[in-house]
Structures are given as structure tokens and as C-alpha cells.
Amino acid sequence: MLPISPARRTARSLSPLILALIVLSCAGCDRSLSASAAAMPSAEGGVSASVPRYAIQFPELAPELAPLDYALHVYADDVRRKFDADLAVRKDNATAAPHLSLQFSVATRTQDFVSVVASGETDLGDAHPQPLAATFTEHLPSAKIVTLDDLFGDPAAAVQLLSAEARRRFEADAEARLRQQNLADAQLTERLKTMRTAVEQGTAANAQNFSAFLIDGVDGKAIGLSLQFQPGQIAATAQGVQQLEVPAKIFYAMLKTEYQDGFAVDKEDIQSAEPRSASTF
């Protein structure tokens, strides 16, 4: 699958072994809590329970990014509530201290947009960590958190277009890498079939598959979208988030008028970028 470009990705997963400070915001104030990484000894001197560890880090954001800051804290609170609820009902079979790690980082900033990526994991202590990944984008002129539905006049048509583009490029890249392995014909055929099934499911034209994205660019006008595919969505979970950069010329004509000025495109490029139908593939 296509790797995440180091130049585009600034978010890094927190190590579950690092005990970090939790920073949680509230209206007009900050509060901090620290979590112990040590196991709680039982009355008999053994270890009967483990204290969960929390590590949640937020970026320092300018005042005009208050809507973005609020969205990050709402997400973090939701993640922690779910983690605590899962801990409350889990069976006492933990082999290690449960932990929640979550880090937010500013990934891209353009003239009109700021995008933040969240990464981390939760582990109930059963050696089966679950990855956390999400994105958040604020449109600076309107001070709104935007989704794909907000960006496009016809969201369903836009998702169809992005679906076709993602499937075409992910399949081409994965097939090229498989063919380079000089596999036996039968093995190659089987792996190609498995890969195509995974890519088709992960890039199917529905809003959930394309809910995570960054507005791509640096300082000036945006140049495209960086679609984020969650761990396990189109590749093995161990391969992490998969990213696909889609240039603005492909979808520019579908953008709502109020967002078009935020993207830099060549008019000739727009005319030459003929939308691909998902049925083509």
C-alpha cells in the first residue's frame, strides 16, 4: 500500500511505555492529571489489579483555532469515556497495566485551512491494543470544523470520484509490489485477489470510508486532499494509517464556491482532469 510521506505526516504514535502528563482543557481553565504506571499490590502482597495509564497530549493552538481545539478535546473525552467504560466491564484477565495514549499534532496549515491528526492506541491490558486515528480540519474564514460533506456541493458524487481514484491507485501500487516478489503464479493470483478485495471494501464509496482527510499544502493555498485510511481498512492493521494524496484539480469543480478560493489550481489542469467513474474499475 502507499506509505505515508514523511514530509506530509507530522503525527507520531506515543509509546505505551512512557508515562505522560494528561492535559485536559475546560472552559477558561486548564487542568492536569498524572496517572501511575505501577500495579496496585493486593492485601496478600501480590498484584491483583493494575492502575490504567493515560497519556493525552494536545498542541498549543492560536486563539483563532478555538473551534479546532474544542473538537480535539471533545474527541479525547469521548475516547477516554469509552476506555473507562470498557475497563469497567472487562474480565479480570489483564496481563499488563491498561493504557490509553493519544497525541494530537498539527499536520498541515494553508491559507484557509488547518488540519490536525490524532494517533495513539488503547490497551485494556490484554495484549490486544486497538489503534486510534482521526483527523480534524478547521476552515479559518468561517471558523468551522469541516467534513467532506461540507466541502462538496454533491457529497455523494465527490465520494464516488474519490473512491475510484483511491481504488485505482492503491490497487496499482499493491499489484506492482506483489509482482516484484517473483511469486509462483498460483500464489500471485491468490494474493492479488485478497488485495483487491481488501482495497475494494476499504475504498467503497461510502462516507465512513472517506471521513478522515487533511487539507494538503503549506502556508499558501491548498493543493489537494490527503485521504487517511485507518489501520486495517485497506491493509494489515500493523501497517498503520495509509495515506493517499489527491491533487485539487481532480475534485476542484465539485467544491462549494466558498471553498474554491482556498485551493490553488491551474484552470487548464481542471479541464484536463476528467472524473473517473467508480464503475470503470
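Every chain is numbered on its own, with residues counted from 1 as its sequence reads. Whole-chain, interface and lining totals are the exception, using all residues; otherwise, since this is a predicted model, local features are given only for residues with pLDDT of at least 70 and side-chain atom pairs are given and counted only at 80 or more. Neither water nor hydrogens contribute to the side-chain values; these are computed over all heavy atoms in the structure.

Observations regarding the side chain of S163
Step number 1: Starting at the N terminus, helices and strands are each numbered in turn, a helix being any DSSP run of H or I of at least four residues and a strand any DSSP run of E of at least two. For S163, the location among the structural elements is in helix α3 (residues 155-179).
Step number 2: For the purposes of these results, a polar contact is taken to be a pair of N or O atoms within 3.5 Å, where, inside protein, one atom must be able to donate a hydrogen and its partner to accept one; residues adjacent in sequence count only when each atom of the pair is a side-chain atom. Within polar-contact distance, the side chain of S163 engages the backbone oxygen of T203 at 2.5 Å.
Step number 3: The residues contacting S163, other than those within four sequence positions of it, are T203, A204, A205 and F210. Working rule for contacts: check all heavy atoms of both residues, and any pair within 4.5 Å makes them a contact.

Considerations on the environment of F263
Step number 1: Checked against the element boundaries, F263 lands in the loop between α6 (257-260) and α7 (267-272).
Step number 2: With 39 residues separating them along the chain, F263 and G224 place their C-alpha atoms 7.3 Å apart.
Step number 3: With residues near it in sequence (within four places) discarded, F263 still touches F113, I215, K221, A222, G224, A248, F251, Y252 and L255.

Examining the packing of α3 against helix α4 (residues 185-202)
Step number 1: Packing of α3 against α4 leaves a shortest axis separation of 10 Å and a crossing angle of 160°. The orientation of α3 with respect to α4, classified from their angle, is roughly antiparallel. Where α3 crosses over α4, the handedness of that crossing is right-handed. Between α3 and α4, the residues in contact are R167, F170, E171, A174, E175, L178 and R179 and L188, R191, L192, M195, R196, V199 and E200, respectively.
Step number 2: Residues are grouped as follows: Ala, Val, Leu, Ile, Met, Phe, Trp, Tyr, Cys and Pro are nonpolar; Asp, Glu, Lys and Arg are charged; every other residue, Gly included, is polar. Considered class by class, the residues forming the contact of α3 with α4 number 7 nonpolar, no polar and 7 charged. A fitted line through C-alpha atoms represents every axis, and for helices the fit uses only the stretch in contact; the resulting angles, taken between N-to-C directions, go from 0 to 180 degrees. Oblique is the label for any angle not covered by the other classes, which are roughly parallel (under 35 degrees), roughly antiparallel (over 145) and roughly perpendicular (65 to 115). With the far helix as reference, a near helix turned anticlockwise by less than a right angle produces a left-handed crossing, and one turned clockwise produces a right-handed crossing.

Describing the packing of aromatic side chains
Step number 1: Aromatic pairing here means that ring centres of Phe, Tyr or Trp (its six-membered ring) are within 6.5 Å. Orientation follows from the plane angle: under 30 degrees is stacked, over 60 is edge-to-face, and everything else is tilted. Applying the stated criterion to the full structure yields 11 aromatic pairs.
Step number 2: Centroid distance F113 to F263: 5.6 Å. Interplanar angle 50°. Geometry classified as tilted. Linking F113 in strand β7 (residues 113-123) with F263 in the loop between α6 and α7, this pair joins segments that are 150 residues apart in sequence.
Step number 3: Note on exposure labels: buried denotes an accessible area under 20% of the residue type's maximum, exposed denotes more than 50%, and partly exposed covers the range between, all computed with a 1.4 Å probe on protein chains only. Classification of F113 by relative accessible area gives buried; the value is 1%.
Step number 4: Pairing F152 with F251 gives two aromatic rings, centres 5.9 Å apart and planes at 90°, and the pair type is edge-to-face. Of this pair, F152 sits in the loop between α2 (148-151) and α3 while F251 sits in helix α5 (residues 248-251), and the two are 99 residues apart along the sequence.
Step number 5: For F251, a relative accessible area of 1% corresponds to the buried category.
Step number 6: By way of ring pairs, the aromatic residues F113, F152, F251, Y259 and F263 are connected into one cluster.

Examining the sheet that holds strand β11 (residues 224-229)
Step number 1: Strand pairing requires that DSSP identify at least two bridges connecting the strands. With respect to topology, 3 strands assemble into an open sheet ordered β10-β11-β12, the strand pairing being antiparallel. With partners counted over all chains shown, the strands left at the sheet margins are β10 (213-216) and β12 (242-247), one partner each. Averaged over all pairs of adjacent strands, the angle between strand axes in this sheet comes to 20°, irrespective of strand direction.
Step number 2: Judged from the 4 bridges that link them, β10 and β11 form a sheet pairing that is antiparallel. Within β11, the position partnered with D216 by the bridge is G224.
Step number 3: Packing against the sheet, α3 makes contact with β11 and β12, and its axis sits at approximately 120° to β12.

Focus: unusual backbone geometry
Step number 1: Non-glycine residue A127 carries a positive phi angle of around 65°.
Step number 2: Look at N182: it is not a glycine, yet its phi comes out positive at around 50°.
Step number 3: Classification of N182 as exposed rests on a relative accessible area of 70%.

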